[in-house]
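Chain by chain, the residues:
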Amino acid sequence: MRTVPHATPLRRAPVQRRSAERLTRILDACADLLDEVGYDALSTRAVAVRAGVPIGSVYRFFGNKRAMVDALAQRNLERYTERVGERLRKSGDTCWRAAMDAVLDEYLAMKRTAPGFSLVDFGNQIPIGAGQAQPNRRVADRLTDLLSVHLRREPDDDLRRTFLIAVETADALVQLAFRVDPEGDEKIITEIRELLRAYLGRVLD
């Protein structure tokens, strides 16, 4: 099963610390404004003003707001993977059920608290980037690479397919939980856990 590459590269990667800090401010401002005004009303100029940088600094990294939001989605994925990995390292538990809880819990935590995440997450919620970008596949591939090491399993095509199905299923049901309740309906989330345990148990037990 082919892995999916990074969705949208930056126009220019930051080299110096100052440039990296400016990029961080731009993406932070983008995330805040998405929560405040939504994607349609978002503009590169408003992001520049909020970030306290010249508009040219935004265009140095991004050709348009779609590319900027794509980069935010990619940063969300990086941070999510780091959070899951850190939780797994701290727990030391190699049980796949504990790993599954970490994957779901950290996603829910970002959904509830990370600026802009509820609209963009990893690129699923609005039509950003190319259609073949397949953000859920990128998530599944990243989780397969991470969890296969933690669970001491071979990251073969069967495992990648299993995690892709789990990610696609969980994504659809989490969206339902947050449509029912802005904080995520706990009864639906409980059902998501049970469904994932039943499905993954056939492969991982």
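Residues numbered from 1 in each chain as written. Predicted model: local features only at pLDDT ≥ 70, side-chain atom pairs only at ≥ 80, totals over all residues. Heavy atoms only, no water.

A. Region of interest: helix H9 (residues 186-204). With 19 residues, H9 should reach 27 Å at 1.5 Å per residue; the first-to-last C-alpha distance of 26 Å fits that figure. Among the residues of H9, those classed as buried are Ile188, Ile189, Ile192, Arg193, Leu196, Tyr199, Leu200, Gly201 and Leu204. Those residues of H9 hidden inside the fold are in contact with helix H5 (96-113) and helix H8 (157-180). Put simply, Asp185 is the residue that caps the front of H9, since its side-chain oxygen is 3.2 Å from the backbone nitrogen of Lys187. (Helix = DSSP H or I, 4+ residues; strand = E, 2+ residues; numbered from the N terminus. Expected span 1.5 Å × (residues − 1). Buried < 20%, exposed > 50% of the residue type's maximum accessible area, 1.4 Å probe, protein only. Contact = heavy atoms within 4.5 Å. Polar contact = N/O pair within 3.5 Å; in protein donor to acceptor, adjacent residues only side chain to side chain.)

B. Quick look at the nonpolar core. Within the largest apolar cluster, 36 residues are counted, with the highest numbers of intra-cluster contacts made by Tyr80, Leu147 and Leu200. Going through the elements one at a time, helix H4 (65-91), H5, helix H7 (135-151), H8 and H9 are the ones with two or more residues in this core. Not counting chain neighbours up to four residues away, the residues in contact with Leu147 comprise Leu88, Ala99, Val103, Arg152 and Phe163. Of all hydrophobic cores here, the second largest spans 24 residues; its members include Ala67, Ala71, Leu72 and Ala73. (Core = buried A, V, L, I, M, F, W, Y, C linked by side-chain atoms within 4.5 Å.)

C. Layout of unusual backbone geometry. Despite not being glycine, Asp121 has its phi angle at roughly 35°, a positive value. Structurally, Asp121 is set in the loop between helix H6 (117-120) and H7. Within the chain, Arg152 stands out as a residue other than glycine whose phi angle is a positive 60°. The topology assignment puts Arg152 in the loop between H7 and H8. Overall, the relative accessible area of 68% leaves Arg152 in the exposed class.

D. Here's a closer look at the confidence of the model for the protein chain. Across the protein chain, pLDDT averages 88, with 89% of residues at or above 70. Under a pLDDT of 50 for its full length, residues 1-6 has, in the predicted model, 17 contacts with residues more than four places off or in other chains. (pLDDT = per-residue confidence, 0-100.)

E. Inspection of the packing of H5 against H7 at higher detail. Put simply, H5 and H7 touch, their axes get as near as 11 Å, and they point 150° apart. Our classification of the angle between H5 and H7 gives roughly antiparallel. In the crossing of H5 with H7, the sense of the turn from one axis to the other is right-handed. Residues Trp96, Ala99 and Val103 of H5 lie in contact with H7, whose contacting residues are Leu143, Leu147, His150 and Leu151. (Axes fitted to C-alpha atoms, helices over the stretch in contact; angles between N-to-C directions. Parallel < 35°, antiparallel > 145°, perpendicular 65-115°, else oblique. Left-handed = near helix turned anticlockwise from the far one by under 90°.)

F. Region of the structure containing the packing of aromatic side chains. In this structure the tally under the stated criterion is six aromatic pairs. For the ring pair Tyr80 and Phe122, a centre distance of 5.2 Å and an interplane angle of 45° mean the geometry is tilted. Placement of Tyr80 in helix H4 and of Phe122 in the loop between H6 and H7 is noted, with a sequence separation of 42 residues between them. The pair formed by Tyr80 and Phe122 is uniform in burial state, with each residue classed as buried. Taken together, a centroid distance of 5.5 Å and an interplanar angle of 65° make the contact between Tyr107 and Phe117 edge-to-face. With Tyr107 in helix H5 and Phe117 in helix H6, this residue pair connects regions lying ten residues apart in the sequence. (Phe/Tyr/Trp six-rings, centres within 6.5 Å; stacked < 30°, edge-to-face > 60°.)

G. Inspection of the packing of H5 against H9 at higher detail. Between H5 and H9, the shortest axis-to-axis distance is 10 Å and the interhelical angle comes to 145°. The hand of the H5/H9 crossing is right-handed. Taken together, the residues of H9 that come into contact with H5 (itself represented by Trp96, Met100, Asp101, Leu104, Asp105, Leu108 and Arg112) are Glu186, Ile189, Ile192, Arg193, Leu196, Arg197, Leu200, Gly201 and Leu204. Residues that form the contact of H5 with H9 fall into these classes: nine nonpolar, one polar and six charged. (Nonpolar A, V, L, I, M, F, W, Y, C, P; charged D, E, K, R; others polar.)

H. Examining H5 more closely. Counted at 1.5 Å a residue, the expected span for H5 with its 18 residues is 26 Å, and the 26 Å between its end C-alpha atoms agrees. All buried positions along H5 are accounted for by Trp96, Ala99, Met100, Asp101, Ala102, Val103, Leu104, Glu106, Tyr107, Leu108, Met110 and Lys111. Residues of H5 that are buried sit in contact with H4, H6, H7, H8 and H9.

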